[in-house]
Structure formats: C-alpha cells, structure tokens
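One letter stands for each residue in the lines below.
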Amino acid sequence: MAMSGESSGCNCGDSVGKLGEKRQRKVGLVYDEKMCKHDTPDGEDHPECPDRIRIIWDTLQLAGVSQRCVVLSGSKAEDTHLQLVHTKDHVNLVKSISTKKKDYRRNKIASQLNSIYLNGGSSEAAYLAAGSVVEVTEKVAEGELDCGFAIVRPPGHHAEADEAMGFCLFNNVAVAASYLLNERADLGVKKILIVDWDVHHGNGTQKMFWKDPRVLFFSVHRHEHGSFYPAGDDGDYNMVGEGPGEGFNINVPWEQGRCGDPDYLAAWDHILIPVAKEFNPDIILLSAGFDAAINDPLGGCRVTPYGYSVMLKKLMEFAQGKIVMALEGGYNLDSIAKSSLACVKVLLEDEPIQGSSEAYPFESTWRVIQAVRKRLCAYWPSLADELSWKLIDQKTPTPVIIISSSSDSETEDYANGILDQMSKLNIENDEGTLVENHQVDTASTSWRADLTKVDVWYATFGSNMWKPRFLCYIQGGQAEGMKRAYVGSKDTSPPKGIMWETYPHRLFFGRESTATWGLGGAAFTSPLTNSNEQTHMCLYKITLEQFNDVLFQENGMNVDADFPLFDLAALQLVENKGSGSLKAASDGWYDNVVCLGKELNIPILTMTCTLSTVEKFKSGEIPVRPPAKAYADTLVRGLVEGGRFSKEEAEAYIDSAASKPL
Ligand code: Q9C
Ligand code: ZN
C-alpha cells in the first residue's frame, strides 16, 4: 500500500547536466490516503470509489515513476480560498457534514443533492482534494515545481458555487485558479487556461468563470444534444461566456458516444491548440477526468493512454510547460491507472509512449468542430478559416447499432443511407470468374512492385477483426488461441488505417473444422446484400500486394506464387460488378472477392465464399456449424477491443449469426 506523507526530492541529476543536456523536470505528485475515507455510507458499490486514487498511486509507484517526482502529501484547503468560488453556506455545509453524528442525517442531505453520497470521511476528503490542487498549483506558479498531478477525490468540476453534485463537493480546480488570480497577484499569473477533458461537461467551472476573461475555460464532453449528464444546455457550444468573459468559454459537445483518439485530437488540432496559441496562458490547469477512456463504464468513449499522452504533450507547449493536472472522473480502475501513468511520463518528458491513431474522427465530430469554430471565430481569428473538405472527408461514418434495439432516428436514417448505397451496387448472381494464370512471362516479383502502389480497404468479419490475429497475415506468427502460425506478407508494414463499418450482408459459420482453430465452423458473409442482415467488419487499409498475401494464406496457398490471385484487372472488374470469384483459389474457402463500396476512392474489399457455395451450405451439402470456442472468443475480442461492442453484445451478435438458419 502506498504511504502518504513521505516526501522525496527529485534525485535524478537535475540542473547539473552537461551543457546541452536537458534538465529533468520537477514534477509534483500529491496523494493522501485520507482522501480514501470518503465512501458510501453503507458500503454499497459506487463507481467513484476509494480504489480509484489507490490504483493510480500504486501504478505510478510500481512503474518507478513516482520515485522520480516530488511527492507531496495533501493539505487542507482554507475556508477563505474555498469561498473565492463557493458560498459561505456551501463551505459550511461540506464542513459540517462529517460532524453530523448519524449517517441518516448525512443521507438525507445527500438525497437532496444530485448524484452525491456522504459519510464521515467526506468533509476531510473534500478539504484535502481542494487544498491539494491549490498546493501543487501554487508551487508550479512559484516555479518550485515545473508541473504536477494532484491525484485527488472527490472530484470537483460539477460542484457549483452553492451546490454539490455529480460526485463533486468542492470545485478543486476552480478554487486553485481563483486563488492564483485573486490571492497571489504577486506570482504574476494573469491568464489561466482550464482544459476539462473529463467525459462530462464541467458545469461548475464554467459558471464560476462565466464573466471572467482571465480564465479561458475549454471543456470537451459527451452532450448528445443535452441528454448526457449533467443534462441541459450548459454544455452547448453556444455557451461562450458573458460580459468581459464573452468568448472565454469554449464547449465541444460530442453528439455521440464512442469518441476516441481521432475525435479528441481533431478537437485539439482544430480548436484548442490554435486558441491556446492566441490566448497565451501563464499556466494551464487540467481537469483530468479519465472517464472518456476506453472501457470506462460511464463514459462510453474510447480514448487510449496514448491519446491522453498526445493531448497532454500538445498542451505542454504552452505556458513553458506549467501545467497542473487534477483528477476528476474516471471509473475503470485499469483504464485510469494506465492513462495516468501515460500522462505522468509525459510530464517527466520521457520518450513518448507507443501508439497510433489509425481511425478517422466521426462525421459528427467534424460537424461539432465546425460549429464550434464558427461560433467562436469572432473572438479567436485562428478559427475563422473553413476546414478543407479533404480534411473533413476523412471520417468514420456513424456506426449502426443493431443489438440494442435502437429508437434513435439519426441512427436509422444512417442505416437507410447505407442500404440505399448498397442497393446501387450491381452485385450479380452469376459469378464472373476473374483471374486465371495467364501472362506466363510475368516475373514473380514484378506483380508485387505494381500492386504495392495500390491501396485497398480489406474488410474483415471473422477472427481477423482482432488486430493481433490479422497481423499474423502481415507480419507472420501466431496469436493467442491459434493452433498454427502464418508466414505473413512479403511486405510486413502495418495497416495504414483501421475503421469499422456495418454492411447489410448475412454472417454465418460453416464447414467442419479449421487448422487454425480446431473443431467448428469458419466465418463467411453472404456475397449478396440483404437489408435484414448486418455484418460488422473491421477494415484495414493495406496494399493490394498485402491483400493478395492475405488471400494466399486464407486459401492455404503459398505466398511465393509467381502470380497474384487478384490483380489490377480483377480489382477493376470487382469494382464494377460487385464481386468476382478467384479461379486460381477455387480449392480454398475464401475464393470470392466482394467490393462493398469505396471510402475516399479506395475500394473496400472482403473475401468470402462464392454464391454457389452459399447454396451448398443452404442445401446441407456443406455443413453449417457454430464456431470453435477459441475462434468465437477471438471474434468477440476483435469486436470488443475495436470498441464496437461490449462483451455481452459481441457474444449475442456471434451467437445469433451462428444459430439462425441460413
Ligand atoms: N442518471 C464525474 O465524472 N451520473 N462525475 C448520474 C443519473 C453522474 C460524473 C446518472 C455522473 C457524475 C466527476
Ligand atoms: Zn466525468
């Protein structure tokens, strides 16, 4: 268990480095076990639990990162500082909460508040959380620390002047900002940027600095037109501040869940970063909730530790890197630990962690970003230019949810759009045979040189949806659950992009067993469109050369072949006709290439069986079989790790495809 109260100076040769060597940054960390005493009164489970800060602290220690920081134990906030943003009544209420003798008194108070629980440890924790953020902020402003992270709870950004709500008692970040501006003019901090990347809108902070041009408040959050917590119009992009504070409040309200690194980084690149350049803050306070993280039970978004590290790194370019992170929400213990660790490594200026953001922002993300830019460009000229169509054309269509019966009309409209688009594809029932081995004079290498120049989206619906399994076809090897290894492609470069889509085709499982997964059927999708069916696919942007190497391996053929299975002429034919069978692979199971459409003029191709084989499945000539356990698990893993579904939804989707009659 982490010790509180210990204080270790940074012993990593700071400032004594040789000429040209970078000084190790002094990173402050506050953690105090006493903040764990705030808990539910009767021990009921609650997402905002004491283990949240414990796991972050333990993870930083285990990684050897806290040892390189200046560790501070928490200190309690002063009433006068709290009253810079809160009413006297509110401060007194929070103070007296834990002196109340009986839980039922507290329970009554809590029940009158929105999303608040209280116990005997709540007052002290609230004072420590606010005081700790003030302490690190002060030290960073003084220059004693370069930056810091206050690992505190209860969180703060929902707390308003006279109201506790949303698991928040005092608005920790607002107290610290107001303290610098109003009590420590001597430190010369005149402009503060508050960035709130918690998945919820920072309603409390927004209100506290509504008319204050010294504080630029930026919040990116799920909004869904006012239906996401804390519901209402406060988080709308039209809320730009008032009076002298007009233009100094910026909301980026997501219209949908599932937003991830591409969406957040687009908001950074096209709103926050240009505005921060113009505003030129003296210090940055970060309301660092990690509930937009992938797998968070409340947030439903998908930001990765890598995404958080890039967002933070981009902010470090301002205010000479003077940045104070304060924990807000974040309810998946594993996600918040990993995200926090990634961020502290950025504060320490360690080598950037590995990662990539392969998908594009959602269409709705570009809509929101454009609306925000338009609303705020009068105050921030750097937002005035229209985003190029080339940029905003790089998008992931809003996915279609089919498992949870959706009453969302927007989702249905989108589904209908896809169906229209698909019905225009001219998919023929008689299978045009595409490629035969011809052109005997073609050297074995030359076809690769040509096809490596052409990109395609390879749409996967089976185990290849799980990236580590798909990569066996590119880089070679064997992923978890597989009984055999693959040689990989001649070109081992990773996919240039990944995105998810849903297509109106029937997913099913058939044949007896596979060498890779054992007893059970393999996944196929019908080459025909059928508006009653849906197959979820993970699309990998690879070269046509790599696509051929996947085809070879899927069909049990040698990648050293002198001829491609699917050349440029075949591509053209499939683009025009919708599908075409591969004569040269007719012993294989995946001998039919189907074109599902195009994305930015790049064809989307999948490989499955031919229509005549589907007929044999239907007649029983070839057996229909549910997938092997390891195989089904891999499909589920792909869908879950791709952020497509929860585990339960993914299992229901696979079960349904495996059990419905063809
Ligand atoms: N239907 C923070 O992340 N949810 N607070 C209530 C009621 C409250 C989140 C749902 C979520 C509060 C700091
Ligand atoms: Zn939150």
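The name given to the protein chain in an unreviewed UniProt entry is histone deacetylase, and the organism recorded there is Arabis alpina. Recorded under Cofactor (unreviewed entry), the UniProt text for the protein chain is reproduced unchanged: "Zn(2+)".

Student: Even after reading the chapter, I still don't get the overall build of the protein chain, so can you show me in this structure?
Tutor: Of the regular secondary structure elements, the protein chain holds 20 helices and 18 strands. Taking all contacts inside the protein chain whose residues are at least 6 apart in sequence as the whole, residues at least 24 apart take part in 76%. Counting every atom, the protein chain has about 26,200 Å² of accessible surface; 48% of that belongs to carbon and sulfur.

Student: Would you mind going over the coordination of the zinc ion (ligand 2) with me for this structure?
Tutor: Six octahedral donors around a metal ideally subtend angles of 90 or 180 degrees, whereas four tetrahedral donors ideally subtend 109.5 degrees. Coordination of the zinc ion (ligand 2) by the protein comes from D198 (OD), D198 (OD), H200 (ND1) and D291 (OD), over a distance range of 2.0 to 2.7 Å. The sequence pattern describing where the donors of the zinc ion (ligand 2) fall on their chain is D-x1-H-x90-D. Of this pair, H200 sits in the loop between strand 4 (192-196) and helix 7 (203-208) while D291 sits in the loop between strand 7 (283-288) and helix 9 (305-315), and the two are 91 residues apart along the sequence. The exposure class of H200 is buried, given its relative accessible area of 7%.

Student: Could you clarify how one ought to interpret the site of ligand 1 in this entry?
Tutor: Around ligand 1 sit S115, P155, H157, H158, G166, F167, D198, H200, Y229, D291, G329 and Y331, and those are all the residues in its vicinity. H158 is positioned with one of its side-chain polar atoms (N or O) 3.3 Å from a nitrogen atom of ligand 1. Between a nitrogen atom of ligand 1 and a main-chain N or O atom of G166, the distance comes to 3.0 Å. Partitioning the shell around ligand 1 into residue classes produces four nonpolar, six polar and two charged.

Student: Help me out: how do you make sense of the sheet that holds strand 10 (residues 497-503) in this one?
Tutor: Picture the strands of a sheet paired through backbone hydrogen bonds; they go either parallel or antiparallel. The strand order 10-15-9-18-17-16 describes an open sheet built from six strands, whose pairing is mixed. Each end of this open sheet is capped by a strand with a single partner; those strands are strand 10 and strand 16 (579-581). When strand polarity is set aside, the average angle formed by the axes of neighbouring strands in this sheet is 30°. Pairing of strand 9 (residues 455-460) with strand 18 (residues 602-608), which is carried by two bridges, proceeds in the parallel orientation. Paired with Y458 across the two strands is L605, which belongs to strand 18. Sitting on the sheet, helix 16 (residues 544-554) is in contact with strand 9, strand 15 (535-543), strand 17 (592-599) and strand 18, with an inclination near 125° to strand 15.

Student: I'm lost on the pairing of strand 3 (residues 147-150) in this one. Help?
Tutor: One face of the sheet, then the other: side chains in a regular strand alternate in exactly this way. Neither face of strand 3 is exposed, since C147 and F149 on one face and G148 and A150 on the opposite face are all buried. Note that strand 1 (residues 27-30) and strand 3 share four bridges and pair parallel. Its bridge partner being in strand 3, V30 is matched across the sheet by A150.

Student: Is there a simple way to explain the packing of aromatic side chains in this structure?
Tutor: What characterises a pair of aromatic rings is the spacing of the ring centres plus the angle enclosed by the ring planes. Considering all chains together, one arrives at 26 aromatic pairs under this definition. Between F248 and F279, the ring centres sit 6.1 Å apart and the planes meet at 65°, which makes this aromatic pair edge-to-face. One end of the pair, F248, is in the loop between strand 5 (215-222) and strand 6 (249-254); the other, F279, is in helix 8 (residues 261-279), with 31 residues separating them in the sequence. Residue class for F279 comes out buried when judged on its relative accessible area of 4%. Pairing F509 with Y631 gives two aromatic rings, centres 6.4 Å apart and planes at 90°, and the pair type is edge-to-face. Here F509 is found in strand 11 (residues 507-510), whereas its partner Y631 is found in helix 19 (residues 629-641), with 122 residues between them in sequence. Comparing F509 with Y631 shows no difference in burial state: the two are buried.

Student: So what exactly am I meant to see when it comes to the sheet that holds strand 5 here?
Tutor: Spatial ordering of the open sheet is given by 2-1-3-8-7-4-5-6, a layout of eight strands whose pairing is parallel. On the outer flanks of this sheet lie strand 2 (70-72) and strand 6, each paired with one strand and no other. Across the sheet, the mean angle from the axis of one strand to that of its neighbour is 15°, orientation sign disregarded. Pairing analysis gives five bridges linking strand 4 to strand 7, with the strands arranged parallel. From the neighbouring strand, L193 faces strand 7, where its bridge partner is I284.

Student: In this structure, what is going on with the confidence of the model for the protein chain? I would like to understand it.
Tutor: Should the pLDDT be low somewhere, the predicted coordinates at that spot are not to be read in detail. The predicted model of the protein chain averages 88 in pLDDT, with 89% of residues at 70 or higher. The low-confidence segment residues 1-17, where pLDDT is below 50, has 30 contacts with residues more than four positions distant or belonging to other chains. A low-confidence stretch, residues 399-443 stays under pLDDT 50, and its non-local contacts, those more than four residues away or across chains, total 86 contacts.

Student: Help me understand helix 10 (residues 333-347), please; the structure alone is not making it clear to me.
Tutor: Between its first and last C-alpha atoms helix 10 spans 21 Å; for 15 residues at 1.5 Å apiece the expected length is 21 Å, and the two agree. Along helix 10, eleven of the 15 residues are buried, which leaves the element largely enclosed by surrounding structure. Taken as a whole, helix 10 has its buried residues at S335, I336, A337, S339, S340, L341, A342, C343, V344, V346 and L347. Contacts from the buried residues of helix 10 go to strand 1, helix 1 (51-62), strand 3, helix 9 and strand 8 (323-327). The N-terminus of helix 10 is capped by N332, whose side-chain oxygen sits 3.0 Å from the backbone nitrogen of D334.

Student: For this particular structure, what's the right way to read unusual backbone geometry?
Tutor: Glycine aside, residues mostly have negative phi angles, and peptide bonds mostly take the trans form. In this structure, the amide linkage connecting R153 to the following residue, P154, adopts the cis form with an omega of 0°. Within the element layout of this structure, P154 appears in the loop between strand 3 and helix 6 (172-183). Look at the link from Y229 to P230: it is a cis peptide, with omega at -10°. Topologically, P230 is positioned in the loop between strand 5 and strand 6. The backbone of A319 shows a phi angle near 50°, a positive value even though the residue is not glycine. By the element assignment, A319 lies in the loop between helix 9 and strand 8.

Student: Which parts of the structure should I look at to understand the environment of H505?
Tutor: Secondary-structure assignment places H505 in the loop between strand 10 and strand 11. Sequence separation between H505 and L528 is 23 residues, and the spatial gap between their C-alpha atoms is 6.2 Å. Within the local environment of H505, its side chain forms a polar contact with the backbone oxygen of L528, the two atoms lying 3.1 Å apart.

Student: Explain the pairing of strand 15 to me, please; I cannot follow it from the model alone.
Tutor: When you tally the buried positions in strand 15, you get nine out of nine residues, the bulk of the element. Residues of strand 15 alternate between two faces, with T535, M537, L539, K541 and T543 on one and H536, C538, Y540 and I542 on the opposite face, all of them buried. Alignment of strand 9 against strand 15, held across six bridges, turns out to be antiparallel. Within strand 15, the position partnered with V456 by the bridge is I542. Note: strand 10 against strand 15, seven bridges, orientation antiparallel. Each bridged residue has a counterpart across the sheet, and for E501 the counterpart in strand 15 is M537.

Student: Explain the pattern of salt bridges here, please?
Tutor: Any two side chains of opposite charge can pair, so long as their charged atoms come close to each other. One pass over the structure, following the stated rule, counts 33 salt bridges. The partner of R68 in a salt bridge is D350, with the nearest N and O atoms 2.7 Å apart. On the criterion of sequence distance, the pair formed by R68 in the loop between helix 1 and strand 2 and D350 in the loop between helix 10 and helix 11 (363-376) is long-range, its members being 282 residues apart. Taking relative accessible area as the criterion, D350 reaches 22% and is therefore assigned partly exposed. The partner of R184 in a salt bridge is E138, and the shortest N-O contact between them spans 2.5 Å. Of this pair, R184 sits in the loop between helix 6 and strand 4 while E138 is found in helix 5 (residues 122-142), placing the two residues 46 residues apart along the sequence.

Analysis parameters
- Residues numbered from 1 in each chain as written.
- Chains lettered and ligands numbered in written order.
- Predicted model: local features only at pLDDT ≥ 70, side-chain atom pairs only at ≥ 80, totals over all residues.
- Heavy atoms only, no water.
- UniProt positions renumbered as here; feature names shortened; annotations may be inferred.
- Helix = DSSP H or I, 4+ residues; strand = E, 2+ residues; numbered from the N terminus.
- Contact = heavy atoms within 4.5 Å.
- Areas by Shrake-Rupley, 256 points an atom, 1.4 Å probe, with all protein chains shown as cover.
- Donors = N, O, S within 2.8 Å, 3.2 Å for Na, K, Ca; no water.
- Buried < 20%, exposed > 50% of the residue type's maximum accessible area, 1.4 Å probe, protein only.
- Near = heavy atom within 4 Å.
- Polar contact = N/O pair within 3.5 Å; in protein donor to acceptor, adjacent residues only side chain to side chain.
- Nonpolar A, V, L, I, M, F, W, Y, C, P; charged D, E, K, R; others polar.
- Pairing = 2+ DSSP bridges.
- Axes fitted to C-alpha atoms, helices over the stretch in contact; angles between N-to-C directions.
- Phe/Tyr/Trp six-rings, centres within 6.5 Å; stacked < 30°, edge-to-face > 60°.
- pLDDT = per-residue confidence, 0-100.
- Expected span 1.5 Å × (residues − 1).
- Salt bridge = Lys/Arg side-chain N within 4 Å of Asp/Glu carboxyl O.

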